[in-house]
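Here's the letter readout for the chains.
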Amino acid sequence: DGGITQSPKYLFRKEGQNVTLSCEQNLNHDAMYWYRQDPGQGLRLIYYSQIVNDFQKGDIAEGYSVSREKKESFPLTVTSAQKNPTAFYLCASSTHREWDTQYFGPGTRLTVL
Amino acid sequence: EDQVTQSPEALRLQEGESSSLNCSYTVSGLRGLFWYRQDPGKGPEFLFTLYSAGEEKEKERLKATLTKKESFLHITAPKPEDSATYLCAVHFASEGAQKLVFGQGTRLTINP
């Protein structure tokens with residue numbers, strides 16, 4: 001089955017810690033994205049990548065970092081510089097055309113203790 | 001300002017009671033409009049992509065339509081399993097860059 005996987009499903013972080021969220025896809029998609037979802041707000045773009053070893057900042061990149069060493073993988077690190085990291089994080093991918101139909105993973109809920 | 005607004009924020013219907021959800025946008029250079037369904041605690045599930053005014057797409061009890069200013073998601077004779085949050089997203093070109101903006105969603109509840 002082709003799809004997008006995210007892990008872990010739930011993640012708890014102490015203040016001051018960096019944490020990394022995993023995103024893997026086997027759809028052979030070129031583009032991958034990270035979004036943040038907060039109650040009452042639309043999805044907000046954190047980072048996106050069109051090709052391996054290249055990525056661009058989205059609207060709310062401060063306090064986050066990414067890497068794209070493999071086509072299938074696009075991990076997101078939430079650093080201690082992110083002031084309010086508690087949220088639902090969604091990874092998505094699309095075919096070679098940027099901003100074409102995106103397919104989402106199941107999400108990771110991050111809670112800062 | 002480029003905006004995407006969904007209405008209503010929440011909608012309660014009885015099973016079998018048809019209705020429509022709205023996604024209005026004030027952007028120029030529309031490239032596409034997407035509809036997703038999202039269940040609580042899960043990632044959005046893709047429903048439709050519409051590219052130009054006048055286009056319509058259907059899937060089971062759902063039908064999406066697009067005009068130059070808005071899109072409607074019509075739900076015919078809904079069932080309780082149609083309860084979810086429905087998201088729209090607009091892909092457009094602005095100041096030489098392409099963007100994708102999501103609406104805040106409509107939370108739909110179908111009572112049996």
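Residues numbered from 1 in each chain as written. Chains lettered and ligands numbered in written order. Predicted model: local features only at pLDDT ≥ 70, side-chain atom pairs only at ≥ 80, totals over all residues. Heavy atoms only, no water.

Looking at the element boundaries, Arg107(B) is found in strand β11 (residues 106-111). Setting aside anything within four residues of it in sequence, one finds Arg107(B) in contact with Glu9(B), Ala10(B), Leu11(B), Ala84(B) and Thr85(B). (Helix = DSSP H or I, 4+ residues; strand = E, 2+ residues; numbered from the N terminus. Contact = heavy atoms within 4.5 Å.)

A separate point is the side chain of Gln38(B). Mapped onto the fold, Gln38(B) is located in strand β4 (residues 30-38). Using a relative accessible area of 8% as the deciding quantity, one classes Gln38(B) as buried. At 2.9 Å, the side chain of Gln38(B) and the side chain of Gln37(A) are in polar contact. The residues contacting Gln38(B), other than those within four sequence positions of it, are Gln37(A), Phe88(A), Leu90(A), Gly43(B), Pro44(B), Ala84(B), Thr85(B) and Leu87(B). (Buried < 20%, exposed > 50% of the residue type's maximum accessible area, 1.4 Å probe, protein only. Polar contact = N/O pair within 3.5 Å; in protein donor to acceptor, adjacent residues only side chain to side chain.)

By convention here, two paired aromatic rings are described through the distance between centres and the angle between planes. Following the criterion strictly, the structure yields eleven aromatic pairs over all chains and no others. Residues Phe104(A) and Phe102(B) carry aromatic rings whose centres are separated by 6.2 Å and whose planes lie at 75° to one another, so their mutual orientation is edge-to-face. Placement of the pair is Phe104(A) in strand β10 (residues 103-104) and Phe102(B) in strand β10 (residues 97-102), with the two residues belonging to separate chains. On the basis of relative accessible area, Phe104(A) is assigned to the buried category, the value being 11%. On the basis of relative accessible area, Phe102(B) is assigned to the buried category, the value being 6%. Aromatic pair Tyr36(B) and Phe46(B): ring centres 5.9 Å apart, planes at 70°, arrangement edge-to-face. Residue Tyr36(B) is found in strand β4, and its partner Phe46(B) is found in strand β5 (residues 45-50); the two are separated by ten residues along the sequence. Since its relative accessible area comes to 2%, Tyr36(B) is described here as buried. Among the aromatic residues, those joined into a cluster by ring pairs are Tyr33(A), Tyr35(A), Tyr48(A), Tyr103(A), Phe104(A), Tyr36(B), Phe46(B) and Phe102(B). Positioned above the aromatic ring of Phe74(A) is the side chain of Arg68(A), whose terminal nitrogen or guanidinium carbon lies 6.0 Å from the ring centre. (Phe/Tyr/Trp six-rings, centres within 6.5 Å; stacked < 30°, edge-to-face > 60°. Lys NZ or Arg CZ within 6 Å of the ring centre and 35° of its normal.)

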